[in-house]
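Listed below, chain by chain, are the residues.
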Amino acid sequence: MASLTIKGLTKKYDETIAVENFNLEVKDKEFLVLVGPSGCGKTTVLNSIAGLININEGEIWFGEELVDAPQKKLFKIPQKRGVAMVFQDYAIYPHMTVYSNMAFPLEVRKVAPEEIKERVIKAARLLGIDHLLQRKPKALSGGQKQRIALGRAIVRNPKIFLMDEPLANLDAKLRVQARVELKKLQEELGVTTIFVTHDQIEAMTMGDRIALMNNGHLEQIGPPLELYQKPKNLFVADFIGSPSINMFQGNLVKKDKSIGIDLKFFFYPLTTKLSKSITDKEISKVVVGIRPENVLIVQNKKDGLFQANILRIEPVGKEYNIHLEVEGKPFISIESSADNWRQGDRVWITFAKDYIYIFDQESGDIIS
Amino acid sequence: MLNIKPSRILLYGLLIIFVIASLLPLWTCIVTALKSSQEVILTTPITPPIDPTMEKIIESINLLKKPLMNSLILVFSGVMVSAFFGSFIGYIFSKHRFPGSIYMFILIVLCLYIPPQVQLIPMVRTMSNLGLFGNLGALVLLYMLFGIPMCAFIFKTFYDDEIPDSYINAAKVDGAGIWTTYRRVVLPLSILPFVVAALLQVVVIWNDFIWGLVLTSGKANLPITVAMANLKGSFVAEWNLQMAGALWVSMPTLIIFIFLGKYIIRGYSGL
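Residues numbered from 1 in each chain as written. Chains lettered and ligands numbered in written order. Predicted model: local features only at pLDDT ≥ 70, side-chain atom pairs only at ≥ 80, totals over all residues. Heavy atoms only, no water.

1. Remarks on the pattern of salt bridges
Residue and element names in this part refer to chain A. Quick reminder of the rule: The working definition used for a salt bridge is a side-chain nitrogen of Lys or Arg within 4 Å of a carboxyl oxygen of Asp or Glu. The helix count covers DSSP runs of H or I at least four residues long, the strand count covers runs of E at least two residues long, and both are numbered beginning at the N terminus. Per-residue accessibility, obtained with a 1.4 Å probe over protein chains only, is compared with the maximum for each type, and a residue is labelled buried under 20%, exposed over 50%, and partly exposed between these values.
One pass over the structure, following the stated rule, counts 20 salt bridges over all chains. In this structure, E181 engages R147 in a salt bridge whose closest nitrogen and oxygen atoms are separated by 3.0 Å. Linking E181 in helix α5 (residues 172–189) with R147 in helix α4 (residues 142–154), this pair joins segments that are 34 residues apart in sequence. Taking the relative accessible area as the measure of exposure, E181 reaches 35% and is therefore partly exposed.

2. Topic: the interface of chain A and chain B
This is how it is decided: By definition, residues are in contact when any of their heavy atoms lie within 4.5 Å. Summed over both partners, the accessible area lost on bringing two parts together, with a 1.4 Å probe, is the buried area. For this classification, the nonpolar set comprises Ala, Val, Leu, Ile, Met, Phe, Trp, Tyr, Cys and Pro, the charged set comprises Asp, Glu, Lys and Arg, and every other residue, Gly included, is treated as polar.
The interface is formed by 22 residues belonging to chain A together with 17 residues belonging to chain B. Both faces considered, chain A and chain B share a buried interface measuring about 1,700 Å² in area, 64% of it formed by carbon and sulfur atoms. Scanning the region where chain A abuts chain B turns up three salt bridges. Put simply, R184 of chain B and E107 of chain A hold a salt bridge, and the shortest N to O gap is 2.8 Å. Breaking the side of chain A that touches chain B down by element, the ones donating at least two residues are β7 (83–86) and α2 (98–108) of chain A. If one sorts the elements of the side of chain A that touches chain B by residue count, α2 of chain A sits on top with four residues. For the side of chain A that touches chain B, a count of residues per class yields 15 nonpolar, two polar and five charged.

3. Looking at the side chain of E39 of chain B
Residues and elements named next belong to chain B. Put simply, the rule is: Positive: Lys, Arg. Negative: Asp, Glu. His and the chain ends are not part of the count.
With respect to the helices and strands, E39 occurs in helix α2 (residues 37–42). Of the side chains with opposite charge, K35 comes closest to the buried, unpaired E39, at an N-O distance of 5.5 Å. Setting aside its immediate chain neighbours within four residues, E39 contacts P48, P49, I50 and D51.

4. Observations concerning the domain arrangement of chain A
Residue and element names in this part refer to chain A. The line we're drawing: How far each domain reaches was decided by an automatic or database domain assignment. Polar contact is the term for a pair of N or O atoms within 3.5 Å; when the atoms are in protein, one must be able to donate a hydrogen and the other to accept it, and sequence-neighboring residues count only if both atoms are side-chain atoms.
Looking at chain A, the domain boundaries give domain 1 (4–239) and domain 2 (246–360). Taken together, the eight residues of domain 1 in the interface contact six residues of domain 2. Between domain 1 and domain 2, roughly 660 Å² of surface is buried when both sides are summed, and carbon and sulfur atoms account for 60% of that area. The largest share of the area that domain 1 buries against domain 2 comes from Y228, L234 and A237, three residues that together contribute 71% of it. Between domain 1 and domain 2 we count zero salt bridges in total. Run the count over domain 1 and domain 2 and you get five residue pairs in polar contact (both at pLDDT 80 or more).

In structure tokens:
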């Protein structure tokens, strides 16, 4: 068991920079999810930790042990790092039985045969695959293969688990189940885990903390709800949440004494506290972000409302995604009931006051 | 009334002509081998034998016994060694790339395109320096080495396409070195390319003529193709004996093509 520290990691492929000056600290026994769109460098970070690629700059520490530091000409080969990895395609060897697959890392490390047997059987029991040990993996289902891959990682008693989208190849129902099981297993074993995914729901539900990456940079790191509720910038706000946040471009304007945002179809006045923090900065163009559950549809006209058309009502089960449109700009509201409206209706809309995010259009950073 | 397009008829007509043209030599070979020496002179090469005899077929195999053994030794040693090295080299170039490895691999594959004619003299000199000239050992060594580029190419293509990098990475993370990964993971998954590479090499080595002719001397060291060519008599051409010999020589490759031809095609088409 160990903590993990990455300092200033930079990885270039020829001239393309995959990851630049990346810093990360993972606590002992923590489940950290590395999430981001494809090509953001998350797998590069994971492979760097495993030692499968050589980094250009930076340092990687496992606890007190330095394992990778190109400036100090230090590189510990993956065989000696003591991490276990689960791959997206599971990388289960088709010519070996489930037992041999799980025993492989121990055999390679010359563990005594009796101990191998004991550890493999123990891990198989834990994962509920002990009845499959003599089978060849070819005939097994995706979920079973995924467990074998996990089992192969567990028998090692590794310092750190690295998981590269291990749930991506499972079907939707199984994935939800596997999410819970994997998280429970990690808590039981207490192994520091880095879990890579592009799926923000997986990230939200599994991570103790989430590190959100984009274009080779770390955008924000924190507990799931913090990323959801206090996004640092437009990218984070947009990436986390499903359906994703509604965004409107607008201009900051002065009206009477207070400041407001002109959204073209609607003037959104800011509270005095907000206006104060904004006037200090020289910003005129902003983006207003509002989560779908905070877009409220109201029956009657009141002050501070605007009108929008209902494009489509999508039932998702316990709630409805209502697709709306104002002046050609589509947005979404989540409502618990849609009995009062129909497609094509014109309705009054308001934003829940305290849940609005204002971003600088130029830098994308949050203002309030 | 059957409704067949004229283009079909033309196509089949052409195909039948090609088939006849391709099979004619084999036919001639078989019928001539079955004729007595007298009948060979009196009849045309394509007429079937009036009084078939196995005499020349038996005579030729007696003459080719030793060369047949020689060729078998060449085939087995050549196939084993070049397939093994080809497999390991293919594995390194496919899964353990290093700076410049692609250029090295291109160089290895380019060896396939050097015509043997330009290598004859250097090879004869090298073999004499090694003290192998005239021996079967010269051919053994030569086929072992010459088979490696083709085998490396076959194995690399197979490993690139059929063995995911994650197998190698998983083994690495689990503590296996290059050799252990090869022996425990890659080698057991390589049955298909071994079959393909072995068949290709069997055919190439078995049919090779020029190296056997140039590098060996003395009756005891000849491979079967050269010995077969020597069956033609010094004063009279004994066609039936030659054809009987040719039948023995072509039999193994014919059988391979008929029953295992699909593997050879896979070898040439990148598996």
